[in-house]
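A closer look at the structure
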Amino acid sequence: MIEIAPEHLAHMRQHGERDYPFECCGLLLGRFDNNGTKIAAETYPISNAREEEAKRNRFLIRPEELMCGEKYAREKGFDVVGFYHSHPDDRAVPSKYDLDHAWPTYSYIVVSVEKGQAVDLRSWQMESDRSRFNEEEIAETSRASVRQC
Ligand SMILES: [Zn+2]
């Protein structure tokens, strides 16, 4: 399960709409709690590193951008708890490419953007043997305790 405040869900939808017809991507920063729930405290938008023609259907985060995001997270006392990206004119379901480029433990949020409008947003977590994604519950809430650190 991942806990996210409604305003951050809105940010991801807006980012997907802004970058349409290309894919957007970004990081989810926050904390892992003891029972494996992820508590997202912030979204961290980053650009899409792919060439123009490939931007429509696959996302890649450049290592320097990831490092930059991780540095920002550390400074704020957060961890990277997941990633988000959009699927322009496609379902909010991870692709085979997404599965091949994912890691266990993290949340993968996919925003479906149809004709420039964000119509669906779902979160996924990889099976520990990397064979598939399982849908993960999104709890629309914000925990004040996240911001203490
Ligand atoms: Zn994808």
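In what follows, the structure referred to is the one given above.
Fair warning: this is a prediction, and the values are worked out from it, not measured in the lab. (Residues numbered from 1 in each chain as written. Predicted model: local features only at pLDDT ≥ 70, side-chain atom pairs only at ≥ 80, totals over all residues. Heavy atoms only, no water.)

Some thoughts on the pattern of salt bridges
Heads up, the rule is: Counted as salt bridges are all cases of a side-chain nitrogen of Lys or Arg within 4 Å of a carboxyl oxygen of Asp or Glu. Runs of H or I in DSSP of at least four residues are treated as helices and runs of E of at least two as strands, each being numbered from the N terminus. Remark: exposure states derive from per-residue accessible area (1.4 Å probe, protein chains only) relative to the maximum for the residue type, with buried under 20%, exposed over 50%, and partly exposed in between.
If you walk through the whole model with that rule in mind, you get 5 salt bridges. Among the salt bridges present, the one from Arg-122 reaches Glu-135, with a minimum N-O distance of 2.8 Å. Of this pair, Arg-122 sits in strand 6 (residues 117–126) while Glu-135 sits in strand 7 (residues 133–136), and the two are 13 residues apart along the sequence. Relative accessible area serves as the criterion here: at 45%, Glu-135 is assigned to the partly exposed category.

As for the sheet that holds strand 4 (residues 79–88)
Note the threshold: Being paired, for any two strands, means DSSP has found at least two bridges between them. Only the stretch in contact is used when a helix axis is fitted, and all axes are lines through C-alpha atoms; the angle between N-to-C directions ranges over 0 to 180 degrees. Contact between two residues is taken to exist if any of their heavy atoms lie within 4.5 Å; hydrogens are not considered.
Within the open sheet, the 8 strands sit side by side as 7-6-5-4-2-3-1-8. Their pairing is mixed. Either end of the sheet is taken by a strand with one partner, and the two such strands are strand 7 and strand 8 (138–140). Each adjacent strand pair in this sheet contributes to an overall mean axis angle of 35°, direction not counted. Sheet topology note: the strand 2 (residues 25–32)/strand 4 ladder contains 6 bridges and is antiparallel. Within strand 4, the residue paired with Leu-27 across the bridge is Phe-83. Sheet strands in contact with helix 1 (residues 6–19) are strand 1 (2–4), strand 2, strand 3 (38–46), strand 4, strand 5 (107–114), strand 6 and strand 8, and its direction is about 25° off that of strand 3. Sheet contacts for helix 2 (residues 63–76): strand 2, strand 3 and strand 4; angle to strand 3, the most-contacted strand, approximately 135°.

Concerning the coordination of the zinc ion
The line we're drawing: For Na, K and Ca the donor cut-off is 3.2 Å, while for other metals it is 2.8 Å, and in both cases only N, O and S atoms qualify; water is not among them, so sites may look incomplete. Each label reflects the angles at the metal, where four donors whose angles all fall between 85 and 135 degrees are tetrahedral, four or six donors whose opposite pairs open beyond 155 degrees and whose other angles stay between 65 and 115 are square planar or octahedral respectively, and the rest are irregular.
Protein-derived coordination of the zinc ion comes from His-85 (NE2), His-87 (NE2), Asp-98 (OD) and Asp-98 (OD), at a distance range of 2.0 to 2.6 Å. Given 4 donor atoms and angles of 55 to 156° at the metal, the environment of the zinc ion is assigned as irregular. Summarised as a motif, the one-chain spacing of the donors to the zinc ion is H-x1-H-x10-D. Taken together, the residues His-87 in strand 4 and Asp-98 in helix 3 (residues 96–100) connect sequence positions 11 residues apart. Note on His-87: relative accessible area 5%, which makes it buried.

Here's the deal with the pairing of strand 4
Most of strand 4 sits inside the fold, with 9 of its 10 residues counted as buried. Note that strand 4 and strand 5 share 7 bridges and pair parallel. Note that in strand 5 the partner of Phe-83 across the bridge is Tyr-108.

Notes on the packing of aromatic side chains
Stated precisely, the cut-off is as follows: Put simply, two rings from Phe, Tyr or Trp (the six-membered ring, in Trp's case) pair if the centres are within 6.5 Å, and we call them stacked under 30 degrees between planes, edge-to-face over 60, tilted for the rest.
Considering all chains together, one arrives at 6 aromatic pairs under this definition. With 5.2 Å between their ring centres and 40° between their planes, Tyr-44 and Tyr-72 make a pair best called tilted. Taken together, the residues span a long stretch of sequence, with Tyr-44 in strand 3 and Tyr-72 in helix 2 at a distance of 28 residues. Residue classification places Tyr-44 among the buried residues on the basis of a relative accessible area of 16%. On the numbers, 6.2 Å between centres and 70° between planes, the contact of Trp-103 with Tyr-106 is edge-to-face. On the basis of relative accessibility, which here comes to 23%, the residue Tyr-106 falls in the partly exposed class. By the ring-pair criterion, three or more aromatic residues cluster together here, those being Phe-83, Trp-103, Tyr-106, Tyr-108 and Phe-133.

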